[in-house]
Amino acid sequence: MTTGTGQQARPPQESARAMRADARRNYERLLAEARTAFAEHGTGASLEDVARRAGVGIGTLYRHFPNRHALMSAVWEDAVSDLLARSHALIDDPQPCSALVAWLRAIVTHAGEYRGLSSALMSASHDDSSALSRCSKPMREAGSTLLARAQEAGAVRADVSISDLLQLTNAISLAAEETPDDPELADRLLLLTLRGLKADERPTA
């Protein structure tokens, strides 16, 4: 079929494929620029600036990411993939408590890459409607497996939940973020927390 200008019209299927490819490129550029902006300026970075650096309008950004938390969630999902892979690698560790500590330390490290993310993750844990909350389920499942192994080995108290442990980890990440001149703070707080969770160190009434 030809158009009025004598040019052959593009079949509808081809146009749809072209739009999908173009939209995908915009999505990937926006995500790449968001990672850079969040790393440089924190998660409060200007979304208009992210769109400008990606070469698109702010309307295009909002079509892909309806709000800031949706964009933060997409950025965090990359880290979640790494953390899930790390949990799988640790599942057969002969020292279950050390495996759990290593995984929690990895969470602190990843969360520390973007200033403001730890606070957002803490808020998302209480808000199932948050875009960030969809990252929480696979993280809880992965962490629950590592925690259960540590509990079965008698290294961690049986009443400790993965939700509480992840909240504590996010709080430690936030404390480390706000104290950049003390790079060892996160490790110290993490170790102090885990000492209090040990099965043989439960406080008595």
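Worth saying up front: this structure is predicted, and the values here are computed from it rather than measured.

J.: Which parts of the structure should I look at to understand the packing of helix α8 (residues 162–177) against helix α9 (residues 185–197)?
T.: Each pair of packed helices gets described by two things: the angle between the helix axes and the distance between those axes. For the pair α8 and α9, the least separation of the axes is 9 Å and the interaxial angle reads 155°. Between α8 and α9, the crossing angle belongs to the class labelled roughly antiparallel. The handedness of the crossing between α8 and α9 is right-handed. Seen from α8, the contacting residues are Leu 165, Leu 168, Ile 172, Ala 175 and Ala 176; seen from α9, they are Leu 185, Ala 186, Leu 189, Leu 190, Thr 193, Leu 194 and Leu 197.

J.: Looking at this structure, how should I read helix α5 (residues 96–111)?
T.: An α-helical turn contains 3.6 residues, so any two residues separated by three or four positions project in the same direction. Here α5 contains 16 residues, and its C-alpha end-to-end distance of 23 Å stays within 8% of the 22 Å for a straight helix at 1.5 Å per residue. In terms of burial, α5 is a largely internal element, 12 of the 16 residues being buried. Every buried residue of α5 is listed here: Pro 96, Ala 99, Leu 100, Val 101, Ala 102, Trp 103, Leu 104, Ala 106, Ile 107, Val 108, His 110 and Ala 111.

J.: Help me understand the pattern of salt bridges in this model?
T.: Between side chains of opposite charge, a pair can form as their charged atoms come close. Considering all chains together, one arrives at 9 salt bridges under this definition. In this structure, Arg 53 engages Asp 49 in a salt bridge whose closest nitrogen and oxygen atoms are separated by 3.6 Å. One end of the pair is Arg 53 and the other is Asp 49, both in helix α2 (residues 47–54) and 4 residues apart, which spans about a single turn. A relative accessible area of 27% means that Arg 53 is categorised as partly exposed. Here Arg 105 makes a salt bridge to Asp 187, at a shortest N to O gap of 2.7 Å. A residue pair is termed long-range when its members are at least 10 positions apart, and Arg 105 in helix α5 and Asp 187 in helix α9 qualify at 82 residues. By relative accessible area, Arg 105 is classed as partly exposed at 29%. Asp 187 sits in the partly exposed class, given a relative accessible area of 29%. Among the charged side chains, a salt-bridge network with shared partners connects Glu 33, Glu 40, Asp 49, Arg 52 and Arg 53.

J.: Looking at this model, I keep getting lost on the nonpolar core. Mind explaining?
T.: One broad rule of soluble globular proteins: the nonpolar side chains tend to lie buried together. One finds Leu 30, Phe 38, Trp 76, Leu 100, Trp 103, Leu 104 and Leu 165 to be the most contacted residues of the largest nonpolar core, which totals 52 residues. Elements with a minimum of two residues in this core: α1 (12–41), α2, α4 (68–90), α5, α6 (117–124), α7 (136–152), α8 and α9. Looking at which element gives the most residues to this core, the answer is α4, with 10 residues.

Calculation rules
Residues numbered from 1 in each chain as written. Predicted model: local features only at pLDDT ≥ 70, side-chain atom pairs only at ≥ 80, totals over all residues. Heavy atoms only, no water. Axes fitted to C-alpha atoms, helices over the stretch in contact; angles between N-to-C directions. Helix = DSSP H or I, 4+ residues; strand = E, 2+ residues; numbered from the N terminus. Parallel < 35°, antiparallel > 145°, perpendicular 65-115°, else oblique. Left-handed = near helix turned anticlockwise from the far one by under 90°. Contact = heavy atoms within 4.5 Å. Expected span 1.5 Å × (residues − 1). Buried < 20%, exposed > 50% of the residue type's maximum accessible area, 1.4 Å probe, protein only. Salt bridge = Lys/Arg side-chain N within 4 Å of Asp/Glu carboxyl O. Core = buried A, V, L, I, M, F, W, Y, C linked by side-chain atoms within 4.5 Å.

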